Amino acid sequence: MTKKKRRGRKNKKNTIQLKLLVIVAILLICGVYYMQKSSIEVESGDEVQVIDVSVWNGRIHWNKVKKQDIYYAMLRIGRGENSKGSMAEDQYFIKNYRSGKYYNMRMGVYFYSYATTIKEAKKEADYCLKLLHKYEIEPNDLALPVAYDVEEKSIFATGRDNVTNITKTFCDEIKKAGYTPMVYSSASSLMKYFKHSTIKKYKIWVAHYGVEDSGPSYPYHYDMWQYTSKGIVPGANTSKKDDKGYCDINYCIIE
């Protein structure tokens, strides 16, 4: 075989390889764009679905979540001190937050409270802000609020005035730091243990299941409604196999 023929075959092979590399690169770029694109446009007053997740949901596969046309999520950032230990960051928070950012999810965070005094509520707010600052999460990085999850019986046992003051303390600290505060609890608890005249200046996140047709039994304005704790959202369910288990799902009214 002549050198000319060998050289021709080699050049042809190199051309084919180059074309294949270009095709692979284009596919990869298109794939990344598809994974990251938001695919949703919302206007003020629109209602969107929001999932809320924590360590119990494990690692979230946002690409699968977005295939369900869900682009919003509330992530548990941490919890207060309880009988099992001191305040702690949610083990999956930063993993899910960073991967959520990669997939262009629109997120907020919530902090699960165990505070029974104003002093403890202040510590919880400080810890929540510490975690936000630790990961350099600024107010404009969050599309949804920073919520205070108040649902423990030990908190409600302290009485309506104290529960209201605890909530006010946390929310005011969050607001002072430039974030948007939100109060979460069940519809019945919001009515029984919180003074509406005090908490109405914050965003309200109400939980009430089994009333999807009529809406939550909360007579005041609310911004988000957790309507089920047994939703099925592939990529975010509570089983290690993401097509099993459940996921909390909410409706949120976009401003």
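Attention in this report is confined to the structure presented alongside it. (Residues numbered from 1 in each chain as written. Predicted model: local features only at pLDDT ≥ 70, side-chain atom pairs only at ≥ 80, totals over all residues. Heavy atoms only, no water.)

**Overview of the overall build of the chain**
Logical step 1: When you go through the chain residue by residue, the secondary structure sums to eight helices and nine strands.
Logical step 2: For the chain, buried positions account for 44% of its 255 residues.
Logical step 3: For the chain, the exposed area adds up to about 14,300 Å²; of that, 52% sits on carbon and sulfur atoms. (Helix = DSSP H or I, 4+ residues; strand = E, 2+ residues; numbered from the N terminus. Buried < 20%, exposed > 50% of the residue type's maximum accessible area, 1.4 Å probe, protein only. Areas by Shrake-Rupley, 256 points an atom, 1.4 Å probe, with all protein chains shown as cover.)

**Observations regarding the environment of Lys203**
Logical step 1: Summarising the element assignment, Lys203 is placed in strand β7 (residues 203-207).
Logical step 2: Classification of Lys203 as buried rests on a relative accessible area of 18%.
Logical step 3: In this structure the C-alpha to C-alpha distance between Lys203 and Val146, which are 57 residues apart in sequence, comes to 9.4 Å.
Logical step 4: Not counting the four nearest positions on each side in its chain, Lys203 is found in contact with Pro145, Thr180, Pro181, Met182, Val183, Asp223 and Glu255. (Contact = heavy atoms within 4.5 Å.)

**Focus on helix α6 (residues 160-176)**
Logical step 1: Its 17 residues place the ends of α6 24 Å apart at the C-alpha level, agreeing with the 24 Å of an ideal helix rising 1.5 Å per residue.
Logical step 2: Those residues of α6 lying buried are Val163, Thr164, Ile166, Thr167, Thr169, Phe170, Cys171, Glu173 and Ile174.
Logical step 3: Immediately beyond the C-terminal end of α6, within one or two residues, lies Gly178, with a positive phi of roughly 100°. (Expected span 1.5 Å × (residues − 1).)

**Brief notes about the pairing of strand β9 (residues 247-253)**
Logical step 1: Here β9 lies mainly inside the structure; five of its seven residues are buried.
Logical step 2: In this structure, strand β1 (residues 47-53) lies alongside β9, joined through six bridges in antiparallel fashion. Its bridge partner being in β9, Glu47 is matched across the sheet by Ile253.
Logical step 3: Sheet analysis places strand β8 (residues 224-231) next to β9, joined by five bridges and oriented antiparallel. The residue bridging Gly231 from the neighbouring strand is Cys247, located in β9. (Pairing = 2+ DSSP bridges.)

**Describing the packing of helix α4 (residues 118-134) against α6**
Logical step 1: The N-to-C vectors of α4 and α6 enclose an angle of 30°; their axes lie 8 Å apart at closest approach. Classed by the angle they form, the pair α4 and α6 counts as roughly parallel. The chirality of how α4 crosses α6 is right-handed. Between α4 and α6, the residues in contact are Ile118, Ala121, Lys122, Glu124, Ala125, Asp126, Cys128 and Leu129 and Asn165, Ile166, Thr169, Phe170, Glu173 and Ile174, respectively.
Logical step 2: Partitioned by chemical class, the residues of the contact of α4 with α6 number eight nonpolar, two polar and four charged. (Axes fitted to C-alpha atoms, helices over the stretch in contact; angles between N-to-C directions. Parallel < 35°, antiparallel > 145°, perpendicular 65-115°, else oblique. Left-handed = near helix turned anticlockwise from the far one by under 90°. Nonpolar A, V, L, I, M, F, W, Y, C, P; charged D, E, K, R; others polar.)

**What about the pattern of salt bridges?**
Side-chain pairing between opposite charges can occur once the charged atoms of the two side chains come close.
Logical step 1: What the rule picks out here adds up to seven salt bridges.
Logical step 2: The closest approach of N and O atoms between Lys134 and Glu89, which form a salt bridge, is 3.5 Å. Here Glu89 lies in strand β3 (residues 88-89) and Lys134 lies in helix α4, a separation of 45 residues in the sequence.
Logical step 3: A residue is classified by how much of its surface remains accessible, and Lys134, at 52% relative accessible area, is exposed.
Logical step 4: The salt bridge involving Lys195 is made with Asp161; its shortest N-O contact spans 2.8 Å. Of this pair, Lys195 sits in the loop between α7 (187-193) and α8 (196-199) while Asp161 sits in helix α6, and the two are 34 residues apart along the sequence. (Salt bridge = Lys/Arg side-chain N within 4 Å of Asp/Glu carboxyl O.)

**Remarks on the environment of Ile118**
Logical step 1: Mapped onto the secondary structure, Ile118 falls in helix α4.
Logical step 2: Relative accessible area serves as the criterion here: at 41%, Ile118 is assigned to the partly exposed category.
Logical step 3: Excluding anything up to four places from it in sequence, Ile118 contacts Asn165, Ile166 and Thr169.

**Digging into the nonpolar core**
Logical step 1: In terms of nonpolar packing, the biggest core is built from 57 residues, with Ile51, Trp62, Val65, Phe93, Leu132 and Phe194 touching the most fellow members.
Logical step 2: Among residues more than four places away in sequence, those in contact with Trp62 are Ile51, Ala73, Leu75, Asn96, Ser99, Gly100, Tyr103 and Met105.
Logical step 3: Core analysis: the next-biggest nonpolar cluster, separate from the first, contains 15 residues, Met182, Ala207, Met224 and Cys252 among them. (Core = buried A, V, L, I, M, F, W, Y, C linked by side-chain atoms within 4.5 Å.)

**Considerations on the packing of aromatic side chains**
Logical step 1: For the structure on display, the rule yields 15 aromatic pairs.
Logical step 2: Here the aromatic rings of Phe93 and Tyr135 are separated by 6.2 Å at their centres, their planes lie at 55°, and the arrangement is tilted. Of the two residues, Phe93 sits in helix α3 (residues 93-102) while Tyr135 sits in the loop between α4 and β5 (146-149), which places them 42 residues apart along the sequence. The two residues Phe93 and Tyr135 agree in class, both being buried.
Logical step 3: Between the aromatic rings of Tyr110 and Trp205, the centroid separation amounts to 6.0 Å while the plane-to-plane angle is 85°, which identifies the pairing as edge-to-face. (Phe/Tyr/Trp six-rings, centres within 6.5 Å; stacked < 30°, edge-to-face > 60°.)

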